Amino acid sequence: MWNKAIELSSKSHPGPIVHISDNPMDEGKLLIGFESGTVVLWDLKSKKADYRYTHDEAIHSVAWHHEGKQFICSHSDGTLTIWNVKSPTKPFQTITPHGKQLKDGKKPEPCKPILKVEYKTTRAGEPFIILSGGLSYDTVGRRPCLTVMHGKSTAVLEMDYSIVDFLTLCETPYPNDFQEPYAVVVLLEKDLVLIDLAQNGYPIFENPYPLTIHESPVTCCEYFADCPVDLIPALYSVGARQKRQGYSKKEWPISGGNWGLITQSYPEIIITGHADGSIKFWDASAITLQVLYKLKTAKVFEKSRNKDDRPNTDIVDEDPYAIQIISWCPESRMLCVAGVSAHVIIYRFSKQEVTTEVIPMLEVRLLYEINDIESPDGEQIPPLPTPGTSSNPQSIVPQSHPSTSSSSSDGLRDNVPCLKVKNSPLKQSPGYQIELVIQLVWVSGEPPQQITSLAVNSAYGLVVFGNCNGIAMVDYLQKTVLLNLGTIELYGSNDPYRREPRSPRKTRQPSGAGLCDINEGTVVPEDRCKSPTSGSGSPNSDDDEQKMNNFIEKVKTKSRQFSKMVANDIAKMSRKLSLPTELKPDLDVKDNSFSRSRSSSVTSIDKESREAISALHFCETFTRKADTSPSPCLWVGTTLGTVLVIVLNLPPGGEQRLLQPVIVSPSGTILRLKGAILRMAFLDTTGSLVPPAHEPWREHNVSEDKDEKDKSKKRRPVSVSPSSSQEISENQYAVICSEKQAKVISLPSQNCIYKHNITETSFVLRGDIVSLSNSICLACFCANGHIMAFSLPSLRPLLDVYYLPLTNMRIARTFCFTNNGQALYLVSPTEIQRLTYSQETCENLQEMLGELFTPVETPEAPNRGFFKGLFGGGAQSLDREELFGESASGKASRSLAQHIPGPGGIEGVKGAASGVVGELARARLALDERGQKLGELEEKTAAMLYSADSFSKHAHEMMLKYKDKKWYQF
């Protein structure tokens with residue numbers, strides 16, 4: 001009891017026990033530390049206190065010297081006291097590590113409490129005293145620190161987060177030997193840090209585990225399985241060069257446990273986009289997660305030092321560089337990202353370091369409100385004319401720097417991007433290097449809308465993106481804009497909704513004469529751009545036009561105010577990981593898109609006209625019904641369930657590709673589904689997936705032979721078996737998945753051969769066409785929590801499992817499927833959740849898991865030496881069973897707990913429990929014992945049977961041997 005331990009040293013309760021340990025040299029001596037400042041050395045054999053040590057300040061921790069002759073205490077006033085075991089009257093030494101030494105011998109100023117201290121000795125030098133806390137009170141705002149005192153030197157190591165605990169790693173596990181510390185493990189609130197004590201400066205070990213995937217909040221995520229085998233080594237090699245200096249040269253010292261058996265032979269990569277504009281590549285093969293490479297996209301832009309210096313063109317208040325969409329081609333290693341400030345950056349992978357003098361940049365005016373263009377004869381010009389028909393082709397020179405014009409004639413912001421690109425040379429390290437920066441600009445005071453879809457194709461050298469205003473296509477090889485149209489203009493005269501533009505805006509072209517055709521490298525002459533009212537009309541037409549213009553200006557002013565409010569709301573939704581398209585609240589519009597109602601209200605017309613681009617897919621397929629051979633094209637999906645096809649006429653490869661323009665033209669093909677289009681893919685005649693054409697990766701910064709440059713574009717072969725035994729008479733199949741249904745359409749006849757309504761009461765959040773078990777299937781995740789899989793091309797249901805309801809937008813934003821039955825999403829801001837719907841992976845999961853605890857050989861105990869053994873100076877062991885047993889101490893009081901040993905370890909303890917649980921445990925134990933005995937009996941029976949059989953064989957052999965012999969021949 002506590003009063004017997006302290007006796008007369010204190011008249012009051014000593015407080016809770018904060019420390020208890022035995023003397024490293026004598027297990028019979030127990031050191032008990034009370035919070036009030038009293039420490040008692042208790043003799044277990046004599047059952048009394050040998051010494052009592054009293055201090056005025058509260059105690060937080062106690063640590064022994066390995067010889068057992070001294071111990072150290074940490075106190076609440078920031079002091080350390082070292083005590084000799086046999087001198088309890090006063091401490092041998094008092095240290096204030098961070099206290100200011102005052103003159104005239106006065107005590108140092110009190111400091112913050114030292115929460116923990118460790119005392120470790122070495123053979124060849126001074127001991128280490130390691131402690132947490134103890135800083136002076138005048139260090140306001142200073143980060144948490146760990147202090148290492150070695151001899152006369154004191155090192156203060158600042159940590160990023162609060163210290164939870166720390167532990168010193170030593171060469172020996174025995175406390176009665178020289179400890180020889182070599183590292184300190186520091187557990188922080190959000191990290192784990194290991195400090196190397198053997199090197200000067202105490203550097204930290206490089207952490208092999210990704211403990212901070214949320215270093216900056218994750219805003220988007222993509223998952224790729226069965227990547228090219230040389231991709232992970234390439235990313236690792238460039239990532240190793242960008243590791244910061246100052247790490248310890250030694251390997252990570254914690255090496256316990258064993259890895260599981262990796263049965264998966266294919267590489268997996270996870271790409272995460274973050275709020276600060278950074279992108280991380282992770283090796284996710286099997287069940288590991290290792291960061292490979294980090295790319296900072298924000299370094300291409302000028303950064304404002306404070307909020308006052310920020311330009312007034314920003315459309316978001318925070319995180320203007322946040323990543324929204326990632327498009328990556330693993331074969332060619334081309335990377336394209338879209339940010340929250342309506343910007344797109346194209347990267348090319350290189351192993352060489354380069355310096356870019358001028359960052360190539362394009363500005364795109366993607367506008368929704370446009371005016372119908374009519375010819376002088378009154379005939380309407382098709383919105384998608386063929387560029388080759390123009391008589392005056394000219395190339396628009398891309399801008400290398402942001403436009404300097406920040407306002408239009410009426411004082412509104414116009415032709416200004418949201419971010420400013422650096423105009424100084426940029427040194428680019430090996431890895432992903434900038435190929436082109438594309439920015440949407442303000443148009444007459446209206447901010448650009450955020451990008452909702454993105455696609456890149458390395459074989460064509462094209463990148464395309466869209467939002468709720470329209471679509472833009474860019475040739476990143478020639479650095480020119482090929483396509484810049486509103487969504488309504490894609491339909492031409494085939495618009496099923498009969499929508500009209502909301503305002504008769506007359507100016508759409510960028511700087512330069514004439515309106516841009518679909519290929520902005522082609523300019524429409526001025527005589528094709530005359531106003532329909534010029535040259536004729538009634539006498540009051542000018543007054544009517546002036547009134548109309550005044551009315552339009554009022555509407556525009558209100559629209560600008562509303563657009564800014566919407567932009568801020570969209571930015572907040574983006575930071576909270578909202579859905580990929582900001583039109584999700586308009587589900588009633590999408591669901592009723594097939595009602596064909598022609599309401600005359602302006603609201604319904606406006607809702608239908610705000611049709612966003614939701615899916616983009618480059619492919620080589622049949623674009624029209626009359627086609628006899630496939631050709632390069634772009635399939636465009638919208639939020640109203642429409643699929644449109646745009647034909648791409650590419651010049652020959654090599655140098656001609658850089659000189660001749662890419663011609664873009666409409667095909668007239670329009671397909672429609674219910675709900676927003678999510679995913680599109682194509683199958684060949686055998687049911688195998690037809691991947692988009694791609695260019696194999698090559699080092700771009702090293703000159704190559706002409707033969708190498710003129711190599712034709714290659715496609716990655718995908719060898720899979722068809723999932724349907726149906727006779728196939730068509731050439732290709734188009735698989736289209738929307739929020740509500742999936743269709744398989746034969747090409748080039750464009751007949752729907754399979755159709756399946758995925759959900760009626762909910763909607764699909766993510767749909768992917770993936771390979772699984774040598775076949776192709778469609779995997780879907782619905783907002784009601786169901787994961788479903790369908791065979792292709794027959795769309796037969798293969799799987800429908802209730803997994804996880806949509807509880808937050810983070811799940812919807814980050815959920816993605818990949819090949820071989822894998823999927824993942826962010827279950828919280830700090831955790832990636834992987835899941836599988838493959839039976840093969842489930843069966844191998846236990847083998848893939850590692851073992852944490854593995855048996856190791858016990859190191860040799862320290863040698864006591866001849867003189868220590870002779871004079872009793874070595875460590876003394878203690879038989880505690882003999883000391884605390886009934887033979888020595890007598891029977892314990894009934895008020896104390898009694899240990900009842902069970903026959904089966906923990907099962908025996910469970911069997912001794914009372915109530916139903918105890919009875920069940922006893923019954924289970926009895927069954928186990930009975931089963932064990934039956935097993936032993938079965939083994940004995942089998943052994944006896946084997947013995948009898950062996951005896952029978954030997955007897956039979958003996959009988960055959962002596963069968964024909966006479967008695968006198970034995």
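This one's a predicted model, so the numbers in the text were calculated from it and none came from an experiment. (Residues numbered from 1 in each chain as written. Predicted model: local features only at pLDDT ≥ 70, side-chain atom pairs only at ≥ 80, totals over all residues. Heavy atoms only, no water.)

A. Structural context of the overall build of the protein. Within the protein one finds 16 helices and 45 strands. Looking at the 970 residues of the protein, the share that counts as buried comes to 47%. Surface accessibility of the protein: about 51000 Å² in total, with carbon and sulfur atoms responsible for 52%. (Helix = DSSP H or I, 4+ residues; strand = E, 2+ residues; numbered from the N terminus. Buried < 20%, exposed > 50% of the residue type's maximum accessible area, 1.4 Å probe, protein only. Areas by Shrake-Rupley, 256 points an atom, 1.4 Å probe, with all protein chains shown as cover.)

B. Molecular detail of the UniProt feature "repeat: WD" (unreviewed entry) in the protein. Per the UniProt annotation, the sites labelled "repeat: WD" (unreviewed entry) are residues 52-87. Structurally, residues 52-87 is divided into 0% helix and 56% strand, and its ends, taken at the C-alpha atoms, are 9 Å apart. (UniProt positions renumbered as here; feature names shortened; annotations may be inferred.)

C. Looking closely at the nonpolar core. In terms of nonpolar packing, the biggest core is built from 35 residues, with Leu235, Ile269, Phe281, Trp328, Leu335, Tyr432 and Val437 touching the most fellow members. Sorting elements by how many residues they give to this core places helix 2 (residues 231-241) first, with 5 residues. Apart from the residues lying within four places of it in its own chain, the contact partners of leucine 235 are Ile269, Phe281, Leu292, Tyr293, Phe349 and Tyr432. By size, the runner-up hydrophobic cluster in this structure holds 25 residues, among which are Leu485, Ile613, Leu640 and Ile646. (Core = buried A, V, L, I, M, F, W, Y, C linked by side-chain atoms within 4.5 Å. Contact = heavy atoms within 4.5 Å.)

D. Local environment of the packing of aromatic side chains. Summed over all chains, the structure comprises 19 aromatic pairs. A centroid spacing of 6.0 Å and a plane angle of 70° characterise the contact between tyrosine 460 and phenylalanine 618, whose relative ring orientation is edge-to-face. Of this pair, tyrosine 460 sits in the loop between strand 27 (453-457) and strand 28 (462-466) while phenylalanine 618 sits in strand 31 (residues 613-621), and the two are 158 residues apart along the sequence. A single burial state applies to tyrosine 460 and to phenylalanine 618, both of which are buried. Ring geometry for tyrosine 803 versus tyrosine 825: centroids 6.3 Å apart, planes at 80°, classification edge-to-face. With tyrosine 803 in the loop between strand 42 (797-802) and helix 9 (809-814) and tyrosine 825 in strand 44 (residues 822-828), the pair connects residues that are 22 residues apart, well separated along the chain. Look at tyrosine 803 and you get partly exposed, because its relative accessible area is 32%. For tyrosine 825, a relative accessible area of 3% corresponds to the buried category. (Phe/Tyr/Trp six-rings, centres within 6.5 Å; stacked < 30°, edge-to-face > 60°.)

E. Region of the structure containing unusual backbone geometry. In this structure, proline 748 follows leucine 747 across a cis peptide bond, with omega equal to 10°. Omega for the peptide link from leucine 792 to proline 793 comes to 5°, which places this bond in the cis form. Topologically, proline 793 is positioned in the loop between strand 41 (786-791) and strand 42. Of note in this structure, glutamine 750 is not a glycine but carries a positive phi near 65°. Summarising the element assignment, glutamine 750 is placed in the loop between strand 37 (741-747) and strand 38 (751-757). The exposure class of glutamine 750 is buried, given its relative accessible area of 18%. A positive phi is found at serine 773, a non-glycine position, where the angle reads about 50°. With respect to the element layout, serine 773 can be found in the loop between strand 39 (764-772) and strand 40 (775-782).

F. The arrangement of the pairing of strand 22 (residues 343-350) in detail. Burial analysis of strand 22 places 8 of its 8 residues in the buried class, the great majority of the element. Pairing analysis gives 4 bridges linking strand 21 (residues 334-339) to strand 22, with the strands arranged antiparallel. Bridged to cysteine 336 within strand 22 is isoleucine 346. Across 8 bridges, the pairing between strand 22 and strand 26 (residues 431-440) is antiparallel. (Pairing = 2+ DSSP bridges.)

G. How the structure looks around the sheet that holds strand 38. Pairing in this open sheet of 4 strands is antiparallel, and the strands run 35-36-37-38 from one edge to the other. Two strands lie at the open edges of the sheet, namely strand 35 (677-683) and strand 38, each paired on one side alone. For this sheet, the mean inter-axis angle between neighbouring strands, taken without regard to orientation, is 15°. Judged from the 6 bridges that link them, strand 37 and strand 38 form a sheet pairing that is antiparallel. (Axes fitted to C-alpha atoms, helices over the stretch in contact; angles between N-to-C directions.)

H. Representation of the sheet that holds strand 41 in the model. Spatially, 4 strands are ordered 39-40-41-42 in an open sheet, and the strand pairing comes out antiparallel. Edge strands, defined here as strands with exactly one partner in the open sheet, are strand 39 and strand 42. Averaged over all pairs of adjacent strands, the angle between strand axes in this sheet comes to 15°, irrespective of strand direction. One ladder, built from 8 bridges, connects strand 39 with strand 40; its direction is antiparallel. Paired with arginine 766 across the bridge in strand 40 is phenylalanine 781.

I. Region of interest: the pattern of salt bridges. Counted by the stated rule, this structure contains 19 salt bridges. In this structure, aspartate 165 and lysine 116 form a salt bridge, with 2.9 Å as the shortest nitrogen-oxygen distance. Of the two residues, aspartate 165 is situated in strand 13 (residues 163-170) and lysine 116 in strand 9 (residues 114-120); the sequence distance between them amounts to 49 residues. Bridged by salt links that share partners, the residues Glu222, Arg679, Arg766 and Asp768 form one connected network. (Salt bridge = Lys/Arg side-chain N within 4 Å of Asp/Glu carboxyl O.)

J. Fine view of the side chain of threonine 621. Turning to its location among the elements, threonine 621 is positioned in strand 31. Side-chain polar atoms of threonine 621 contact the side chain of glutamine 732, separated by 2.4 Å. If sequence neighbours within four positions are ignored, threonine 621 has contacts with Pro630, Ser631, Cys633, Trp635, Phe682, Gln732 and Leu747. (Polar contact = N/O pair within 3.5 Å; in protein donor to acceptor, adjacent residues only side chain to side chain.)

K. Local environment of a nonpolar patch on the surface. Together, Ile287, Leu845 and Leu849 make up an exposed nonpolar region whose accessible area comes to about 240 Å². Turning to its location among the elements, leucine 849 is positioned in the loop between helix 11 (845-848) and helix 12 (866-871). (Patch = residues over 30% accessible without salt bridge, like charges linked within 9 Å, V, L, I, M, F, W, Y side chains within 5 Å.)

L. Highlighting helix 2. For helix 2, every residue scored as buried is listed here: Leu231, Ile232, Ala234, Leu235, Val238 and Gly239. An end-on view of helix 2 places all buried positions within 160° of arc, on one side of the element. The secondary structure elements touched by the buried residues of helix 2 are strand 17 (268-274), strand 18 (278-283), strand 19 (290-296), strand 20 (323-329), strand 22 and strand 26. (Arc of directions from axis to C-beta.)

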